[in-house]
Amino acid sequence: MSDPTRVFDDLREEGEELDRLVAELGPEGWALETPAARWTVAHQIAHLAWTDHSALLAVTDQDAFRGLVEKALAAPSTFVDDGAAEGAAKAPDRLLDDWRAGRAALLDALYAAPTGTRFPWYGPPMSGASMATGRLMETWAHGQDVADAVGVVRPPTDRLRHVVRIGVRARDFAFGVHGLPAPGEEFRVELHAPSGELWSYGPDDAPQRVTGPAHDFCLLVTQRAHRADLSVEAVGPDADRWLDIAQAFAGPAGTGRPPKGARP
């Protein structure tokens, strides 16, 4: 990405949109259960605050960040939930203040970092633009959980271009975490942006294709909705398989969400 400030600006706007949603909630709203098992609205915001803090340390204090990695390695199956639970135990006003301060500090650090600098992470090192893209993806995805919990429909924006980009680039990773060989050929991906623009990836003449609304594709790759409830279509056996296992996030394969008719 030649100009990383674009994704930094979009990350700021994504956080501000979610902030406006949760700032209006009373204590009962923060305690609402979200589609993520055992996570309330407070857990969702606490997770974002915790991850923003991790990213800030990766950019500004790499020795401290290595300490976080050691803690993660010591408790790989619980450290994410533990971090969310610790933050969710705070009073909502305190949690909201902490999240605001943390995301502002992270953005300041990213804007100030020299272009091209790579920072450590729980996986491979990444550039500031890639880190901001990952933070935007998580903010949007966990924001979707919050919106579902409080019964709000969020109009999609073209900030989703960043989520789409991660989802497309993570294709081979998704196959790998399922123990499957990556397809030997590129797919053609054509998605209609909220603005009406067509976002396309891969060769024009690729025999295997994925098409549909960009918003639905983002719900799919963040595993916020089941494929059966989305208008994303595949042509070709490998492309069809990808839509069953796609994920835009690092780590093991997620459990996803059941189809609407199968939800309790």
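Here we summarise the structure given alongside this text. (Residues numbered from 1 in each chain as written. Predicted model: local features only at pLDDT ≥ 70, side-chain atom pairs only at ≥ 80, totals over all residues. Heavy atoms only, no water.)

**Observations concerning the layout of surface pockets**
Roughly 470 Å³ of volume is contained in the second largest pocket. In terms of lining, the second largest pocket is formed by 21 residues, of which the most central are A49, W50, H53, G83 and E86. For the lining of the second largest pocket, the secondary structure elements donating two or more residues are α3 (41–60), α4 (62–74), α5 (79–88) and α6 (92–112). Among the elements that make up the lining of the second largest pocket, the one with the highest residue count is α3 (six residues). In terms of residue class, the lining of the second largest pocket is made up of 11 nonpolar, five polar and five charged. (1 Å grid on protein atoms, 1.4 Å probe; cavity = no way out; pocket = protein on both sides within 12 Å on 5 of 7 lines; lining within 4 Å. Points joined across faces, edges and corners; volume = space filled by probe spheres on them. Helix = DSSP H or I, 4+ residues; strand = E, 2+ residues; numbered from the N terminus. Nonpolar A, V, L, I, M, F, W, Y, C, P; charged D, E, K, R; others polar.)

**What to know about the sheet that holds strand β4 (residues 198–201)**
Reading across from one edge, β4-β3-β5-β6 is the order of the four strands in this open sheet, with mixed pairing throughout. With one partner strand each, in any of the chains shown, β4 and β6 (233–235) form the two edges of the open sheet. For this sheet, the mean angle separating the axes of adjacent strands, direction not counted, is 10 degrees. Taken together, the three bridges between strand β5 (residues 209–213) and β6 define a ladder with antiparallel strand orientation. Bridge pairing in β6 links T211 to E233. Those strands touched by helix α8 (residues 160–169) are β3 (188–192) and β4, and its axis lies near 20 degrees from that of β4. Running over the sheet, helix α11 (residues 237–245) touches β3, β5 and β6 and is turned about 150 degrees from β6. (Pairing = 2+ DSSP bridges. Axes fitted to C-alpha atoms, helices over the stretch in contact; angles between N-to-C directions. Contact = heavy atoms within 4.5 Å.)

**Remarks on the packing of α3 against α6**
Axis separation between α3 and α6 bottoms out at 9 Å; the angle between their running directions is 30 degrees. Viewed along their axes, α3 and α6 adopt a mutual orientation that is roughly parallel. Seen along the crossing, α3 lies across α6 with a hand that is left-handed. Here A42, I45, A46, L48, A49, D52, A55, L56, V59 and T60 of α3 come into contact with α6, specifically with L95, W99, G102, R103, A105, L106, A109 and L110. Looking at side-chain class alone, the contact of α3 with α6 contains 14 nonpolar, two polar and two charged residues. (Parallel < 35°, antiparallel > 145°, perpendicular 65-115°, else oblique. Left-handed = near helix turned anticlockwise from the far one by under 90°.)

**A look at the pattern of salt bridges**
For side chains bearing opposite charge, pairing can occur when the charged atoms are close. If you walk through the whole model with that rule in mind, you get 20 salt bridges. Within the structure, one salt-bridge network assembled from shared partners comprises E13, E14, E17, R154 and R159. (Salt bridge = Lys/Arg side-chain N within 4 Å of Asp/Glu carboxyl O.)

**Topic: α6**
Spanning 21 residues, α6 covers 30 Å between terminal C-alpha atoms, matching the ideal 30 Å at 1.5 Å per step. On the buried face of α6, the contacting elements are α1 (5–23), α2 (27–30), α3, α5 and α7 (128–150). (Expected span 1.5 Å × (residues − 1).)

**Details of the nonpolar core**
Ranked by internal contacts, the top residues of the largest apolar core, which has 51 residues, are M131, V164, F217 and W242. Ranked by the residues each element gives to this core, the list is headed by α7, at seven residues. Grouped together as the second largest cluster of nonpolar side chains are 17 residues, L18, A88, L95 and L96 included. (Core = buried A, V, L, I, M, F, W, Y, C linked by side-chain atoms within 4.5 Å. Buried < 20%, exposed > 50% of the residue type's maximum accessible area, 1.4 Å probe, protein only.)

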